[in-house]
Every structure is written in structure tokens, then in C-alpha cells.
Amino acid sequence: MKKKLISVLLTGVMAASLLAGCGGAAPAPAAEAPAAATEAVEEVAETVEEAAEEVAEAVEDAGGADGLITVGFAQVGHESDWRTASTKSCQDVFSEANGYDLSFVDCDNDEAAQKEAVRSFIEQGVDYIIIDPIIATGWDTVLTECDDAGIPVIVIDRTIDDSDKYVSWVGSDFLTEGKAAGEWLKAYAEKQGITEINALIIQGTIGSSAQIGRTDGFNEIAEREGWTVLDQQTGDFTEAGGQEVMESFCKSYEGKFNVVVCENDNEAFGAMTAMDNAGVSYGPGNDVILISYDACTAGLEKVKAGGITADFECNPLAAPTVAGVIDTLEAGGTPEAQILVPDNWYALADAIVDFSVDGNAQSMIEVTDEVIEAQY
Ligand code: AHR
């Protein structure tokens, strides 16, 4: 790319000096100026113009006038602490200091706005597009447009389930998170001598792969164990949504439930407020076992304070791995199609139990001040 840039720059410089030479020569009397000379000047002017256009194109191909790699990121929104950590990580990694020019769009959980953001990146002609898909389906048309424009797409966090027109996906295994929550509950309930499980689930955004995986994973264990899932409704991954759903659950299922599963920490915070207001006790040793996902700093603080009984991590720091994918592509290599970001499971010492997921023994981390301090 650099060679092409240098060659077109040289062409431009040569043409410009030719033109300067013509302009600097002593002018022939108008009557004697041969038409051929005028034509020659016009030709040189045209060459200079063409060269300038080529220079502009080559500069753009080479990554912009400043040599940065241009990246468009269509982020889900700003619904949770997890999302804030993910956005910060992307903005830190795809910074100018690291050689990137990032166009960031917060899509505010609006599927149509997210597709429009991707189309605007195509218009801009960015080098790479990163998508965290709000919903898992409905992507093939816009991904075909990216493909036609020759722009590689990298999917981060949530998955796209109805198109394969992207280079790589980097994120967590949501199904395993859901199964881990279920298997932990089985082992913890046995340890506590609890023989009957009546669960309520506050789901994430319906149709997002984070919701689908966690709901399916937990329900698979619930069915196998013969537990009762009294109800499941979406809280849209927000604190307000979690509170609203839990308020309605507290009225409809008063005294009938002993487990609440919130599909992210912010929903759990809302559910805790609703249970506080309804006089329902939760956390280790209390009436309701409260399970959450994400394990962000604020979530782990609630574990430490004895509110959330166990928290199943979804690591939001995938951006450095995405940058690695871009490095591989820049070097002409083929990145892995799927790259899993590892997660951990957290609880207080008394709620740490042995369990397996699909035959694989799991380990848990005890939540201490140091662990909270080190979390995002
Ligand atoms: O897609 C990841 C999920 O989305 C996180 O669990 C949640 O907090 C976020 O909003």
C-alpha cells in the first residue's frame, strides 16, 4: 500500500513540475503560440488532477491521512453495568493511541437503529465493522451489504444466528452460563437440605443470544431435576425492568417461590428493591435464593453483602481479543471463527459447592474485597 502511495505521489509531483516548467517559460507572442502547446498544457493539468485523485484514493486505502485503521462499532446500548464496562473496554482498545479511528454508535437497544449504524459504517467506508447484535436474527441482508462492500465484520459478545457473513465471533458461552447456574443450584439446594425448587426467571432482552442461552441452559437443568418454573418474563437487562417484573411476581406468587433467577446483575438490583419493598428476604440463609449473571463490580458487592447468592460471570472485556482478530486480518491471516472469552462463577464461602457442567468439573471463586477490587 505504501509503494502505491509513493508512486502516485511521485506521478503527481512530476506532473506538477512539468506544468510549472510550462508556466515558467517565456511566453511566446500570442499570434505565434502553437495550438499544440496549449493542448500540452491542458494535458499536463489533466494529469495533475488525475494524480491528485489517485493520491486521495491511495491515502484512503492506506488507512486515512493519519494512517489509522478505521473501525465502526454498533454497540447494543447502555442498559447495564456490563454494557458500560464493554463500551469502555472497546473505546480504550480502539483508541487513536493504539492506531485506530473508532466510530462508536450506541444503538439504545433499537434493532432498526443498529442496522442503520452498520449501513452508515458502509457509507463511511470503514476498514472493519464490529457488531454486538441486540437480537440474534434478522442479520443476513445487512451482512450481505457489508460483504458486497468488502468490509470484514467481527461479532462481539452476543451471537448472530441466521447468517455466517462475518469473520469471527468473540464472546461468552451463554448456554454454559445458564447450565452452570442450574447445576450450582442443584448442588447448593442439596447442601442446604432444600428439596423443592419453585423458581421465577427475569429474562434478558427476548431474542438476544444472552437471553436465549441463559434461559435454555437453566431450564434444561430445571426440567431434568423436575423443578417448577412458576413464570419467566423479560426485564430487558435493566434495573427498572427487573424491579417492575419482580413487583408483579411478588404479588402473583406471594409465598410460593424460593428461587429468583435474574439474567443480569442490573435486573437483580431491581428485583432486590422489589423484594425489599414486599418484605421478602433473599440471599444465603434467607427465604429466596437469588441467582444473577454478569458478576460486574456492583454485582459482586451484592454477593459480598449477602444479597445475591451466586453470580455467574459474563466477561465484558472482549475488545483486546477483537483487536487480535484485526491484527491477524491486517497481516493477511485467517482468524478463528469462534473465540470464547472465559468466565468465572462467584459466591461467598458458604455457597461454594462442587458441581459439573456437561461432565466438566467447575470451580468457583470466593468473593472477597480483593476479588471485587480486581473486577471491572
Ligand atoms: O450481552 C451481554 C448481556 O447484555 C449482559 O449480561 C447484560 O448485562 C447486557 O446488557
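Placed above this text is the structure.
Residues numbered from 1 in each chain as written. Predicted model: local features only at pLDDT ≥ 70, side-chain atom pairs only at ≥ 80, totals over all residues. Heavy atoms only, no water.

### Some remarks on the packing of helix α6 (residues 174-192) against helix α7 (residues 209-225)
Packed helices, taken two at a time, are described by the angle between their axes plus the distance between the axes.
Okay, so step 1: Where α6 meets α7, the closest approach of the two axes is 6 Å, and the angle between their N-to-C directions is 35 degrees. Seen along the crossing, α6 lies across α7 with a hand that is right-handed. Listed contacts from α7 to F174, L175, E177, G178, K179, A181, G182, E183, L185 and K186 of α6 are S209, A210, G213, R214, D216, G217, F218, E220, I221, R224 and E225. (Axes fitted to C-alpha atoms, helices over the stretch in contact; angles between N-to-C directions. Helix = DSSP H or I, 4+ residues; strand = E, 2+ residues; numbered from the N terminus. Left-handed = near helix turned anticlockwise from the far one by under 90°. Contact = heavy atoms within 4.5 Å.)

### Notes on the nonpolar core
Okay, so step 1: If you look at the biggest cluster of nonpolar residues, it comprises 28 residues, and the most contacted ones within it are W184, L185, F218, V259, I291, F312 and F355.
Okay, so step 2: The contacts of F355, once residues within four sequence positions are left out, are A180, E183, W184, A187, F312, W345, N360, A361, Q362 and M364.
Okay, so step 3: Counting 27 residues, the second largest nonpolar core, distinct from the first, contains C250, V260, F269 and V288. (Core = buried A, V, L, I, M, F, W, Y, C linked by side-chain atoms within 4.5 Å. Buried < 20%, exposed > 50% of the residue type's maximum accessible area, 1.4 Å probe, protein only.)

### Overview of the sheet that holds strand β11 (residues 338-340)
Okay, so step 1: Within the open sheet, the six strands sit side by side as β2-β1-β3-β4-β5-β11. Their pairing is parallel. What marks the edges here is a single partner per strand, and that holds for β2 (100-106) and β11. Recorded for the sheet is a direction-independent mean angle of 20 degrees between the axes of neighbouring strands.
Okay, so step 2: Sheet topology places strand β1 (residues 69-75) next to strand β3 (residues 128-131); four bridges connect them, and they run parallel. Opposite G72, over in β3, you have I129 as the bridge partner.
Okay, so step 3: With respect to the sheet, helix α3 (residues 81-93) is in contact with β1, β2 and β4 (153-156), its orientation differing from that of β2 by roughly 160 degrees. (Pairing = 2+ DSSP bridges.)

### Structural notes on the side chain of T159
Okay, so step 1: Along the polypeptide, T159 turns up in the loop between β4 and β5 (168-171).
Okay, so step 2: Overall, T159 belongs to the buried group, its relative accessible area being 19%.
Okay, so step 3: Engagement of the side chain of T159 in a polar contact is seen with the side chain of D161, the distance being 3.0 Å.
Okay, so step 4: The contacts of T159, once residues within four sequence positions are left out, are P133, A136, W169 and S209. (Polar contact = N/O pair within 3.5 Å; in protein donor to acceptor, adjacent residues only side chain to side chain.)

### Here we look at the packing of aromatic side chains
Okay, so step 1: Under the defined criterion, the tally for this structure stands at eight aromatic pairs.
Okay, so step 2: The interplanar angle of 65 degrees and the centroid separation of 5.7 Å between the aromatic rings of F73 and F104 together place this pair among those described as edge-to-face. A residue pair is termed long-range when its members are at least 10 positions apart, and F73 in strand β1 and F104 in strand β2 qualify at 31 residues.
Okay, so step 3: Of the residues examined, F73 reaches a relative accessible area of 0% and is grouped as buried. (Phe/Tyr/Trp six-rings, centres within 6.5 Å; stacked < 30°, edge-to-face > 60°.)

### Quick look at the site of the ligand
Okay, so step 1: Around the ligand sit E79, S80, W82, R83, D157, R158, A210, R214, F237, N264 and D294, and those are all the residues in its vicinity.
Okay, so step 2: The contact in question runs from an oxygen atom of the ligand to an N or O atom on the side chain of S80, over 3.0 Å.
Okay, so step 3: Between an oxygen atom of the ligand and a side-chain N or O atom of R83, the distance comes to 3.0 Å.
Okay, so step 4: Here the ligand has 280 Å² of accessible area as a free molecule, and 100% of this is covered by the chains.
Okay, so step 5: Where the shell around the ligand is concerned, the elements lending two or more residues are α3 and α7. (Near = heavy atom within 4 Å. Areas by Shrake-Rupley, 256 points an atom, 1.4 Å probe, with all protein chains shown as cover.)

### Here's the deal with the sheet that holds strand β10 (residues 310-313)
Okay, so step 1: The strand order across the open sheet formed by seven strands is β7-β6-β8-β9-β10-β12-β15, and the pairing between neighbours is mixed. The two strands at the open ends of the sheet, each matched to only one other strand, are β7 (228-234) and β15 (364-366). Strand after strand, the sheet turns through a mean of 20 degrees between neighbouring axes, direction not considered.
Okay, so step 2: Alignment of strand β9 (residues 289-294) against β10, held across four bridges, turns out to be parallel. Counted as the bridge partner of D294 is E313 from β10.
Okay, so step 3: Lying over the sheet, α6 contacts β8 (259-262), β9, β10, β12 (345-347) and β15, oriented at roughly 155 degrees with respect to β9.

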